[in-house]
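# Coordinates in review
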Amino acid sequence: MEHPDPPDPRLAHSERLTVPWLWWPVALGLAALLAAQVGLGAPGAVTWLPYLVLLPGTAAGLWWAGRIKVRVVGDELHVDDARLPVGVIADVIPLDAEGRRHLLGPGSDPLAFVIQRPWVRGCVQILLDDPADPTPYWLVSTRHPERLTAALLRAGARQAPAAERGGALADR
């Protein structure tokens, strides 16, 4: 029997933004109902074709919608396939529903990087300080805004002394 790899010791935060579990039976039930309606007019074995298409398609769509992972590994924030070094983070702000609504609506910036899932209530705004990148902030959905904020701030605090030591050595 094969054992899974041990967890990465540098992993400070990890979550997957899956769809709510209740969506699965509801969506699959609606897909089955639609397949039954479509299949009513088909004779013989073709009757099962809508089920063979709609049920796996619905399951694949739900899985795809909940595929995003948010992780803090070492000195990087990973959101899906995007990576952000914590060294360019100026501040991290956990947002309530009103703050998120404002940043997704009238207070939005067209250059912002946004990973937003409407079924996830929590959100963090990650303000950036990178002169080479015009992106002012990242807006990331999370079920645990305080935990993600703490993990990013801890990772930034660990990196700051190392950067100071490197700068002191470079000045010699």
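Residues numbered from 1 in each chain as written. Predicted model: local features only at pLDDT ≥ 70, side-chain atom pairs only at ≥ 80, totals over all residues. Heavy atoms only, no water.

### Comments concerning the nonpolar core
- One finds Leu-77, Val-79, Leu-84, Ile-89, Ile-126, Trp-138 and Leu-152 to be the most contacted residues of the largest nonpolar core, which totals 27 residues.
- Of all the elements in the fold, those that place two or more residues in this core are helix H2 (49-65), strand E2 (69-73), strand E3 (76-79), strand E4 (82-85), strand E5 (89-95), strand E7 (123-128), strand E8 (137-141) and helix H4 (145-171).
- The element contributing the most residues to this core is H4, with four residues.
- Here Ile-89 is in contact with Leu-84, Ile-126, Leu-127, Leu-128 and Leu-152, once residues within four sequence places are set aside.
- One finds Leu-103, Ala-112, Cys-123 and Tyr-137 within the second-largest nonpolar core, a separate group that totals six residues. (Core = buried A, V, L, I, M, F, W, Y, C linked by side-chain atoms within 4.5 Å. Buried < 20%, exposed > 50% of the residue type's maximum accessible area, 1.4 Å probe, protein only. Helix = DSSP H or I, 4+ residues; strand = E, 2+ residues; numbered from the N terminus. Contact = heavy atoms within 4.5 Å.)

### Here's the deal with the environment of Ala-97
- Within the fold, Ala-97 resides in helix H3 (residues 97-104).
- In the structure, Ala-97 is positioned 24 residues away from Arg-121 in sequence and 6.8 Å away in space, judged by C-alpha atoms.

### What about the pairing of E7?
- Among the six residues that make up E7, five are buried, leaving the element largely enclosed by the rest of the structure.
- Sheet topology places E5 next to E7; six bridges connect them, and they run antiparallel. Looking at the pairing, Val-92 lines up with Ile-126 of E7.
- Direction of pairing for E7 relative to E8: antiparallel, over a ladder of five bridges. By the bridge assignment, Val-124 is partnered in E8 with Val-140. (Pairing = 2+ DSSP bridges.)

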